[in-house]
Amino acid sequence: KLLQKLQCRAEGVKVLSDNRARNIAIVMRRLSMPPEKLAMALRHLQWETDLRSDQLEQLLEAIPTPEEAGQLRESAANSHKLRDVEQLVLPLVDVPRAAARLRMMSCARASQTAFESTCAELALIREACAAIRSSEMLREVLLLALDLGNYINHGDSSKGARAITIGSLLQLRDFKLGR
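Residues numbered from 1 in each chain as written. Predicted model: local features only at pLDDT ≥ 70, side-chain atom pairs only at ≥ 80, totals over all residues. Heavy atoms only, no water.

### Some details on the overall build of the protein
Let me state the cut-off plainly: The way it works is that DSSP assigns letters per residue, a run of H or I at least four long becomes a helix, a run of E at least two long becomes a strand, and they are numbered from the N terminus. Here's how the labels work: a residue is buried when its accessible area is under 20% of the maximum for its type, exposed when over 50%, partly exposed in between, all with a 1.4 Å probe on protein chains only. Every residue pair with non-hydrogen atoms within 4.5 Å of one another is taken to be in contact. Every accessible area reported is derived by Shrake-Rupley at a probe size of 1.4 Å, with residue values counting cover from the shown protein chains alone.
Helices and strands together make up the secondary structure of the protein, namely 9 helices and 0 strands. Listed by position from the N terminus, the elements making up the protein come as α-α-α-α-α-α-α-α-α. Going through the 179 residues of the protein one by one, you find that 30% of them count as buried. Of the contacts made within the protein by residues no fewer than 6 positions apart, 64% connect residues no fewer than 24 positions apart. A total of about 12,200 Å² of accessible surface is found on the protein, and carbon and sulfur atoms cover 57% of it.

### Focus: the layout of surface pockets
What counts, and what does not: A pocket, in this scheme, is an open set of points on a 1 Å grid over the protein atoms alone with protein on both sides within 12 Å along at least 5 of 7 lines, while a cavity is a set where a 1.4 Å probe fits but cannot get out; residues line either one if an atom lies within 4 Å of a point. Grid points are joined across faces, edges and corners, and a volume is the space filled by probe spheres set on the points. All residues other than Ala, Val, Leu, Ile, Met, Phe, Trp, Tyr, Cys, Pro, Asp, Glu, Lys and Arg, Gly among them, are scored as polar; the first ten of these are nonpolar and the last four charged.
If you add up the space inside the second largest pocket, you get close to 190 Å³. As for the second largest pocket, its lining consists of 13 residues, and the residues nearest its centre are Ile63, Pro64, Thr65, Pro66 and Ala98. Where the lining of the second largest pocket is concerned, the elements lending two or more residues are α5 (66-75), α6 (84-93) and α7 (98-134). Top contributing element to the lining of the second largest pocket by residue count: α5, with 3 residues. Of the residues in the lining of the second largest pocket, the class split is 10 nonpolar, 1 polar and 2 charged.

### So, the nonpolar core
Nonpolar side chains in soluble globular proteins generally cluster together in the buried interior. Stated formally: Put simply, a nonpolar core is a bunch of buried Ala, Val, Leu, Ile, Met, Phe, Trp, Tyr and Cys residues held in one set by side-chain atoms that sit within 4.5 Å of each other.
With 30 residues, the main nonpolar core has Ile24, Met28, Leu38, Leu42, Leu51, Leu59 and Leu92 as its most contacted residues. Every element with two or more residues in this core is listed here: α2 (18-30), α3 (35-43), α4 (53-62), α5, α6 and α7. Considering every element that reaches this core, the biggest residue donor is α6, with 6 residues. Once you skip the residues sitting within four places of it in the chain, Leu38 turns out to touch Met28, Leu31, Met33, Leu51, Leu59 and Leu92.

### Points about the pattern of salt bridges
To be explicit about the condition: When a carboxyl oxygen of Asp or Glu lies within 4 Å of a side-chain nitrogen of Lys or Arg, that pair is called a salt bridge.
Within this structure, the stated rule accounts for 5 salt bridges. The partner of Arg20 in a salt bridge is Glu68, with the nearest N and O atoms 2.9 Å apart. Here Arg20, found in helix α2, pairs with Glu68, found in helix α5; they are 48 residues apart in sequence, far enough to count as distant. Ionic pairing is found between Arg83 and Glu86, a salt bridge with its closest N-O pair at 2.7 Å. A relative accessible area of 0% means that Arg83 is categorised as buried.

As structure tokens, this is what we get:
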């Protein structure tokens, strides 16, 4: 009954098993684009489509197997006699290596998301670095730490080191605590 509900015409030439046809019909009916447009997107590897990443993953299960594709090609001449679900996947049969193309589109979509996320994080790091470079207060604190280190080590703040390391700042914290 569910199969008949998903397929307008359940009668006709059956190439796919009823269970497989039902699963394919569910996936194909949920898509936001017609099968012809999907086939063109797959042929041209247009991964920036209206399809979501989860729909691309589901489509991997709906792509006809090579055996099913061969049977569908044989029946394509009389496509009007096929059930609706077979007619739905018929445009995908002529796409070479459709499953591999779908996996590649899914990977490209995931790579784009990762790239955008990484760019956003790098922008935050650049912003933090710029804030550190332009901070007058941090510069004063570091100069004060340098003078204090020179005074502790040499008895005079005008002699000694010209720079300090981050490790010496951590030692300064230990000095303050009396360790």
